[in-house]
Structure formats: C-alpha cells, structure tokens
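Spelled out, the chains give:
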Amino acid sequence: MVVDAAMEDSMLMEQIDKNDRLTNLPDDILWFILSLVDFKDATKTSILSRRWRYMATYYTSLNFDIAQILVDNSPNPNDILAYWKSTMNRKKKFPNWVNGVLNLHRAPFINDFRIRVPLGESCTHYINMWIKFAISKRVKNLELDLSGGTSVYERDYSLPLNVLNDFLYENGLSYLTSICLKCVDVKEEVLEALLSQCHLLERLHIERADNLSNAKIMNLSQKLKYLAIHNCFLLGKVEIHAVNLRSFEISSITKRLDLVCACVPSLVELSFRWRYFDACVLPNILRSKCFPTQLSKLCLDMNMITGDLSIPSFPCVKYLELRVIVDRHRNILPLMCFAEACPLLHELKLQVMWWWCRSCRRPDVESNSENESESESESESESESELESESESEECNLDYVKHWLETLDDTSATLPNLRKLEWMGAFSVHENLEFTLALYCLKNAINLEKFICNPRDLSYNFLKRGGDTSGIEESGRRRARKLALVIPCHVQYVIL
C-alpha cells in the first residue's frame with residue numbers, strides 16, 4: 001500500500017508538471033522570472049514542483065538581511081532583555097543559514113551579494129569565507145553592512161589583504177562595479193588594492209572604517225563615478241585622483257580634515273555632512289578652484305555659521321540642500337547667502353533644527369502656572385477686547401504683507417530662478433525668525449512655482465528626550481496656514 005501510494009503521488013506530480021505551462025518554459029526564462037522577485041520569495045518556489053525544487057539555487061541576487069529573513073516573533077523592543085536575547089539567537093543562526101544557502105548555490109556568477117547583519121571580529125572566519133565565495137562567483141555588487149554588531153569588548157571586522165590577493169591572478173575582482181562597506185575596518189593597503197584591482201569599479205561607499213587615517217583615492221582605470229566616505233573616526237586626509245568622478249559625499253566627526261581634490265574635472269554633485277563645519281573649514285574646501293564652476297548639486301549639513309563669511313559663487317548649481325543646526329534664538333536669515341551664491345538655483349531644500357536648552361523658552365510652550373496667573377489677573381471683558389484688537393491689527397499686517405509680496409521687483413530679486421522650495425521643520429520653534437526667512441524667500445523668488453512646508457519638529461533636545469511632538473507639529477501647521485494667507489496666487493503652497 002505504501003508503494004502504491006508513493007507511485008500515485010509520483011504519477012500525480014508528473015501529470016502536474018506536464019500540464020503546467022510555466023514549468024515547461026526554458027531555464028533561461030525561469031531564471032529571469034526569479035530575478036524579478038526578492039531572494040526570500042524566490043526560495044519559496046522550491047515547493048511548486050520538481051522542476052522548481054532547485055531553481056532558486058541559480059538565483060543571482062543574494063540578499064542576506066537578518067532583519068528580513070530571520071524573523072521569529074521578535075519581542076517588543078522596549079523589553080530590552082528579551083529583545084537582546086532574541087537578537088543574539090538570530091545572530092547565532094545567521095552564519096549557518098548563509099552557509100547552507102551558499103553550499104546549494106549552482107549559478108556560475110552573481111550580480112548582487114549583500115550581507116546585512118550585526119557581526120564583529122569574532123565572525124572573521126565566516127565573513128572571509130562569504131567574501132571569497134562572492135568573488136569566486138564574479139560578483140558585480142558587493143555590500144557588507146555589519147553595523148551594530150560590536151560592543152566595547154569586540155572590535156569591528158577587519159578586511160584582510162590576503163583575501164583579495166587570493167584572486168590576484170584569477171581576475172576575480174575585475175568584475176566588481178560597486179562596493180559598499182559599513183563598519184568594516186579598511187586599512188590603507190586594502191583600499192589601495194581595491195582601487196587597483198577592481199578595474200570596472202564605479203561606486204565605492206566606505207562608512208565607519210574607524211582605523212582608516214589616510215584615504216588616497218587613486219583610480220587608474222578611470223571608471224569611478226560615485227564616492228562616499230562617512231564617519232571614519234581617525235580619518236585625517238582624503239586625496240582624490242578620479243577623472244570621471246561625478247558624485248562625492250563625505251561626512252566627518254573630526255574637527256580637521258585635509259581634503260585634496262587633485263583631479264576631479266567631472267565632479268558635479270557634492271555633499272558635506274560636517275558637524276564642525278565653520279568659518280575655518282569652509283574656505284579650505286569650497287574655495288577650491290575646481291568646485292565652484294562645475295558643481296550642479298550641492299548639499300551641506302552643518303552648524304549655523306557665525307561671523308562674517310564670504311561665500312564663493314557657484315554659477316552652475318541648480319539644486320541646493322541645507323541642513324543646519326541653529327543655536328537657540330539665532331537669526332537664520334544669513335543662511336540665504338548660500339542660495340544667493342547660486343544664480344541658477346532652481347530647487348532649494350531647507351532643514352532647520354533648533355538646538356535649545358531649558359533656559360530657552362519655546363514660544364509655543366507655556367507653563368501651566370503662567371497661564372493660570374494670567375487668567376486670574378485678567379477679566380473676561382479685557383481679554384475679549386484685547387483679542388479683537390489683536391485680530392484687527394494682525395489682519396491689517398497680513399494685508400500689508402500680501403500687498404508687499406505681490407509688488408514684484410525684478411531688479412532687486414536675489415533668487416530669480418528659484419522654482420521649488422521645500423522646508424523641513426518649518427515654524428516648529430521660533431515663529432518670528434522663521435516667518436522672516438519665509439517672507440524673504442517669497443519676496444526674492446519671483447518665479448517660485450511650489451512651496452512645500454513640513455512643520456515636523458526637528459529640534460535636537462526635544463526629540464532626544466523622547467517628547468511627544470504632536471502638539472508642536474500642530475502648532476507649526478497653524479502657523480503654516482497663517483502664512484498661506486499671504487502666499488501669492490501663482491505659488492502652489494503645500495502643507496504636509
């Protein structure tokens with residue numbers, strides 16, 4: 001009976017395979033279909049039929065993400081102990097799961113190989129083995145994201161030079177077009193080997209390589225187009241020789257960084273994230289001869305600059321993004337010196353984050369005691385008369401401002417080509433200072449077409465304490481709606 005049942009099941013599967021038109025397609029077409037779904041869904045196709053059982057082993061985009069793959073009813077993150085135990089359990093399972101998939105893999109090449117898991121130096125053997133596997137499969141896009149895997153007792157994984165040298169005579173590295181390394185200790189000789197042996201490398205992203213002190217980007221193949229270096233703790237010097245480099249991003253957590261762009265004639269996109277961005281650093285970077293005349297996109301993440309500072313002209317910049325931390329009640333109108341330095345500016349994205357302390361009263365937050373004392377000292381008749389007088393004066397002021405904005409002056413406009421303005425964190429703290437900046441933009445951007453206002457509160461200290469920002473955001477939206485009363489009719493005004 002058992003044999004007969006097994007034979008019946010086998011005959012049934014064969015009959016299903018014959019009637020399944022999808023299964024009868026050529027292998028190349030089936031592999032193409034699998035490439036359209038993610039790795040997790042591709043592995044589920046092994047239960048469809050015999051033909052599909054090992055089809056997923058030919059998948060060419062391997063994405064091993066611990067957050068998406070090994071989900072085992074994780075507890076609430078607020079339960080620190082239970083969440084930590086669950087994370088440790090998943091980290092123990094992760095290497096065996098990856099090794100099992102790689103042992104069954106049959107494709108002769110790989111397009112994408114991603115490892116996203118918090119691992120450190122203790123898993124060096126496994127990580128080296130995974131990198132060797134990917135290179136042996138002629139991988140094109142390699143990503144190692146090991147962030148969050150180390151503690152004070154464990155160091156980051158260090159990419160050894162011998163792993164790369166093993167493929168020196170096999171040209172395994174020559175197929176790489178994109179490399180992303182996060183929380184991977186990359187030494188100078190390893191970086192030099194990657195740049196010299198990866199002849200087709202177009203994108204290079206290095207983040208949290210804490211022992212990297214000198215990054216010399218010498219791209220002899222002239223293929224490198226995108227370069228990003230973020231938060232390398234000991235980084236003191238970056239020297240770039242890349243003829244076809246188009247985009248460069250850098251963020252530094254040190255006060256001094258020597259940046260030498262010796263040969264970057266094709267650079268058009270530049271992004272600086274610098275917490276120590278001040279008047280001393282700015283001239284050394286942005287006043288280089290090559291930067292101002294060729295850039296079309298400029299992104300700056302910095303503290304509010306103090307003192308008199310001469311900003312160079314950027315005649316070709318059409319997109320400008322400013323993300324600025326402002327101390328207390330400082331005037332933010334000087335930020336517009338960057339926009340005014342871009343005569344062809346079409347789009348401006350602004351994020352203002354207020355750094356305020358307890359001694360700095362937020363204009364939208366009043367203490368209960370003050371409200372109670374004021375309510376007790378004032379009579380109802382007096383308050384009604386005051387509200388009426390305030391509303392009348394405010395209405396007069398709004399009418400005057402609207403008339404002032406509608407009176408265009410083409411000759412004195414400092415932002416004549418600005419078409420789109422997006423403001424994150426608008427009207428969240430200092431209403432008067434922020435209204436002044438908004439009115440300045442509306443008055444000088446005579447060809448403005450769209451104004452996106454997002455009042456989400458971005459003040460550092462308030463978010464750090466885990467406060468409820470819903471009341472602050474609603475207050476910001478009320479102020480944003482107040483601004484809508486004076487917006488010129490030709491401007492599309494959007495409140496998020």
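Residues numbered from 1 in each chain as written. Predicted model: local features only at pLDDT ≥ 70, side-chain atom pairs only at ≥ 80, totals over all residues. Heavy atoms only, no water.

Undergrad: It is not clear to me how unusual backbone geometry should be interpreted in this structure. Could you clarify?
TA: Peptide bonds are trans in most cases, and residues, glycine excluded, mostly fall at negative phi. For Arg138, which is not glycine, the phi dihedral falls at a positive 60 degrees. Here Arg208, not a glycine, exhibits a phi torsion of approximately 60 degrees, which is positive. Position of Arg208 relative to the elements: it lies in the loop between β7 (203–207) and β8 (214–218). (Helix = DSSP H or I, 4+ residues; strand = E, 2+ residues; numbered from the N terminus.)

Undergrad: Is there a simple way to think about the environment of Gly120 in this case?
TA: Counting through the fold element by element, Gly120 comes out in the loop between β2 (112–116) and α5 (124–136). Classification of Gly120 by relative accessible area gives buried; the value is 2%. (Buried < 20%, exposed > 50% of the residue type's maximum accessible area, 1.4 Å probe, protein only.)

Undergrad: I would appreciate a short explanation of the nonpolar core in the present structure.
TA: Looking at soluble globular proteins, one finds that nonpolar side chains tend to be buried together. One finds Phe113, Ile115, Ile240, Phe451 and Leu483 to be the most contacted residues of the largest nonpolar core, which totals 118 residues. Once residues lying within four places of it in the same chain are set aside, the contact partners of Ile115 are Phe64, Phe94, Val98, Trp130, Glu143, Leu144, Asp145 and Leu146. (Core = buried A, V, L, I, M, F, W, Y, C linked by side-chain atoms within 4.5 Å. Contact = heavy atoms within 4.5 Å.)

Undergrad: How do you make sense of empty space enclosed by the protein when you look at a structure like this?
TA: The rolling of a water-molecule-sized probe over the atoms marks out the regions of remaining empty space. Tallied over the full model, the rule gives 2 cavities of 30 Å³ or more. In this structure, the largest cavity occupies an estimated 50 Å³ of space. As for the largest cavity, its lining consists of Ile131, Ile135, Leu142, Leu144, Leu159, Leu164, Leu173, Leu176, Leu181 and Leu194. Of all elements in the fold, only α5 and β3 (141–145) reach the threshold of two or more residues within the lining of the largest cavity. Taken together, the residues of the lining of the largest cavity sort by class into 10 nonpolar, no polar and no charged. (1 Å grid on protein atoms, 1.4 Å probe; cavity = no way out; pocket = protein on both sides within 12 Å on 5 of 7 lines; lining within 4 Å. Points joined across faces, edges and corners; volume = space filled by probe spheres on them. Nonpolar A, V, L, I, M, F, W, Y, C, P; charged D, E, K, R; others polar.)

Undergrad: Just checking my understanding: could you explain the environment of Leu295 for this structure?
TA: By the element assignment, Leu295 lies in the loop between α9 (290–294) and β14 (297–303). For the pair Leu295 and Lys318, spaced 23 residues apart in sequence, the C-alpha to C-alpha distance is 8.7 Å.

Undergrad: Would you explain the confidence of the model for the chain in this entry?
TA: Confidence along the chain averages 76 in pLDDT terms, with 65% of residues attaining 70 or more. Note on residues 357–393: pLDDT is under 50 here. Beyond four places in sequence and across chains, it has 27 contacts. Of the regions scoring below 50 in pLDDT, residues 460–466 engages in 19 contacts with residues more than four places distant in sequence or in other chains. (pLDDT = per-residue confidence, 0-100.)

Undergrad: What am I meant to see in the sheet that holds strand β10 (residues 237–241) here?
TA: Across a sheet, paired strands are connected by hydrogen bonds in the backbone, their directions being either parallel or antiparallel. Strand order in the open sheet formed by 3 strands is β8-β10-β12, with parallel pairing between adjacent strands. Edge positions in the sheet fall to β8 and β12 (258–263), since each has one partner strand and no second. Strand-to-strand twist across the sheet, computed as the mean angle between neighbouring axes with direction ignored, equals 5 degrees. Judged from the 5 bridges that link them, β8 and β10 form a sheet pairing that is parallel. Across the sheet, Lys216 pairs through a bridge with Glu239, a residue of β10. (Pairing = 2+ DSSP bridges. Axes fitted to C-alpha atoms, helices over the stretch in contact; angles between N-to-C directions.)

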